[in-house]
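Structural overview
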Amino acid sequence: MRIVQFLSATCLLLTLLALPASAADRPFDLFSFFDGTARSEGIIEPLIGDTKDFTARFQGEADGTRLRLVETFDFPEGRFEQIWKLRREGNRLSGTVRTEGEDGTLAEPVPVRGELLPGGAVLSYDGYAPGGSETRFGFTHRMTAQENGAVENRVTITKFLLPVARSIVTFHPAGS
């Protein structure tokens, strides 16, 4: 168990160090960005299988140190939700995420940890894919604020610490 915790912490640190230097030059507030409505579009590229396009809508409520975010995904095979509850303590993030599976049931909440950065944020958790089975995967989200007000989210999806898919998502704030 300690080796898994060590590897998870090492992956999070390497992720933080790998963010582009330009992202560190711009202030970014994840909670403010998702307070209200937002939308996204993206792709999922599995190591094996076909690439999928998707869109999502977000409805968030932030109070400064807490964010509750309902993310509704539209995939070719259906609509599925994720419900995020995050807390901010300085630059550290913690909380939970619940994901709706292929049978329409929300899974139990799984812990989320992360870090706010001047130009973005990193979130990591072991949980479920929206619309997926009961198989748990590792998810690492690397969010970077863009010059146009959007946020790019690059997600690495792993199983047994090995990459099995990636997702590239663009979040757009309300009104865009």
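Residues numbered from 1 in each chain as written. Predicted model: local features only at pLDDT ≥ 70, side-chain atom pairs only at ≥ 80, totals over all residues. Heavy atoms only, no water.

1. Some remarks on the overall build of the protein chain
Quick note on the threshold: The secondary structure listing takes helices from DSSP runs of H or I that are at least 4 residues long and strands from runs of E that are at least 2 residues long, numbered from the N terminus. Three exposure classes are used, based on accessible area relative to the maximum for each residue type with a 1.4 Å probe and protein chains only: buried under 20%, partly exposed in between, and exposed over 50%. Contact definition: two residues touch when any of their heavy atoms are within 4.5 Å. Where accessible areas are quoted, they stem from the Shrake-Rupley method and a 1.4 Å probe; at the residue level, only the protein chains shown are allowed to cover.
In terms of regular secondary structure, the protein chain is built from 2 helices and 10 strands. Secondary structure of the protein chain in N-to-C order comes out as α-α-β-β-β-β-β-β-β-β-β-β. Buried positions account for 42% of the 176 residues belonging to the protein chain. Taking all contacts inside the protein chain whose residues are at least 6 apart in sequence as the whole, residues at least 24 apart take part in 38%. Surface accessibility of the protein chain: about 9,800 Å² in total, with carbon and sulfur atoms responsible for 56%.

2. Things to note about the nonpolar core
Filter applied, for reference: As used in this record, nonpolar core signifies buried Ala, Val, Leu, Ile, Met, Phe, Trp, Tyr and Cys residues forming a set joined through side-chain atoms within 4.5 Å.
The biggest cluster of nonpolar side chains holds 35 residues, and the ones touching the most others in it are Leu30, Phe34, Trp84 and Phe171. The leading source of residues in this core is strand β3 (residues 66–75), at 4 residues. The residues contacting leucine 30, other than those within four sequence positions of it, are Leu93, Leu116, Ala121 and Met143.

3. Re the side chain of threonine 72
Tracing the backbone shows threonine 72 in strand β3. By relative accessible area, threonine 72 is classed as buried at 10%. Apart from the residues lying within four places of it in its own chain, the contact partners of threonine 72 are Thr55, Ala56, Arg57, Arg79, Phe80 and Glu81.

4. Quick notes on the packing of aromatic side chains
What describes a pair of aromatic rings is the distance from one ring centre to the other and the angle between the planes of the rings. Rules: Stacked, edge-to-face and tilted labels apply to pairs of Phe, Tyr and Trp rings (six-membered ring for Trp) whose centres lie within 6.5 Å, assigned for plane angles under 30 degrees, over 60, and everything in between, in that order. A ring is considered to have a charge above it if a Lys NZ or an Arg CZ atom is located within 6 Å of its centre and within 35 degrees of its normal.
Taken as a whole and assessed by the stated rule, the structure comprises 10 aromatic pairs. Ring plane angle 90° and centroid distance 5.2 Å describe the contact between phenylalanine 58 and phenylalanine 171, whose orientation is recorded as edge-to-face. Remark: phenylalanine 171 occurs in strand β10 (residues 162–173) and phenylalanine 58 occurs in strand β2 (residues 52–62); sequence separation between them is 113 residues. Considered together, phenylalanine 58 and phenylalanine 171 belong to a single accessibility category, that of buried residues. The ring of phenylalanine 137 has lysine 159 sitting right over it, with the charged end atom 5.9 Å from the ring centre. Between the NZ or CZ atom of lysine 159 and the centre of the ring of phenylalanine 160, over which it lies, the distance is 5.0 Å.

5. Looking at the sheet that holds β3
Selection criterion: Two strands qualify as a pair provided that DSSP identifies no fewer than 2 bridges between them. What counts as an axis is a line fitted to C-alpha atoms, over the stretch in contact for a helix, and the angles between N-to-C directions run from 0 to 180 degrees.
Pairing in this closed barrel of 10 strands is antiparallel, and the strands run β1-β2-β3-β4-β5-β6-β7-β8-β9-β10 around the ring. Here the strands of the sheet are splayed against their neighbours by 25° on average, with no regard to which way each runs. Sheet analysis places β2 next to β3, joined by 8 bridges and oriented antiparallel. Bridge pairing in β3 places alanine 56 opposite phenylalanine 73.

6. Structural notes on the pairing of strand β8 (residues 137–145)
Within β8, 7 of the 9 residues are buried, which leaves it mostly tucked inside the rest of the structure. By the bridge criterion, 8 bridges tie strand β7 (residues 120–127) to β8 in an arrangement that is antiparallel. Residue glycine 120 lies in a different strand from β8, and its bridge partner there is threonine 144. The pairing of β8 with strand β9 (residues 151–159) spans 8 bridges and is classified as antiparallel.

7. Thoughts on the confidence of the model for the protein chain
Close inspection of predicted coordinates is inappropriate in any region flagged by low pLDDT. Heads up, the condition is: Confidence scores labelled pLDDT are given residue by residue by the predictor and lie between 0 and 100.
Of all residues in the protein chain, 84% attain a pLDDT of 70 or more, and the chain-wide mean is 87. In the model, residues 1–24 has pLDDT below 50 throughout and makes 19 contacts with residues more than four positions away in sequence or in other chains.

8. Section: the environment of aspartate 126
Following the sequence through the fold, aspartate 126 ends up in strand β7. Taking C-alpha positions, aspartate 126 is 7.0 Å from valine 110, a pair spaced 16 residues apart along the chain. Excluding residues within four positions of it along the chain, aspartate 126 makes contact with Val110, Arg136, Phe137 and Gly138.

9. Looking at unusual backbone geometry
Backbone geometry places phenylalanine 160, a non-glycine residue, at a positive phi of 55°. When you line up the elements, phenylalanine 160 lands in the loop between β9 and β10. A relative accessible area of 71% means that phenylalanine 160 is categorised as exposed. Residue leucine 161 is not a glycine yet carries a positive backbone phi of 70°. Its location among the elements puts leucine 161 in the loop between β9 and β10.

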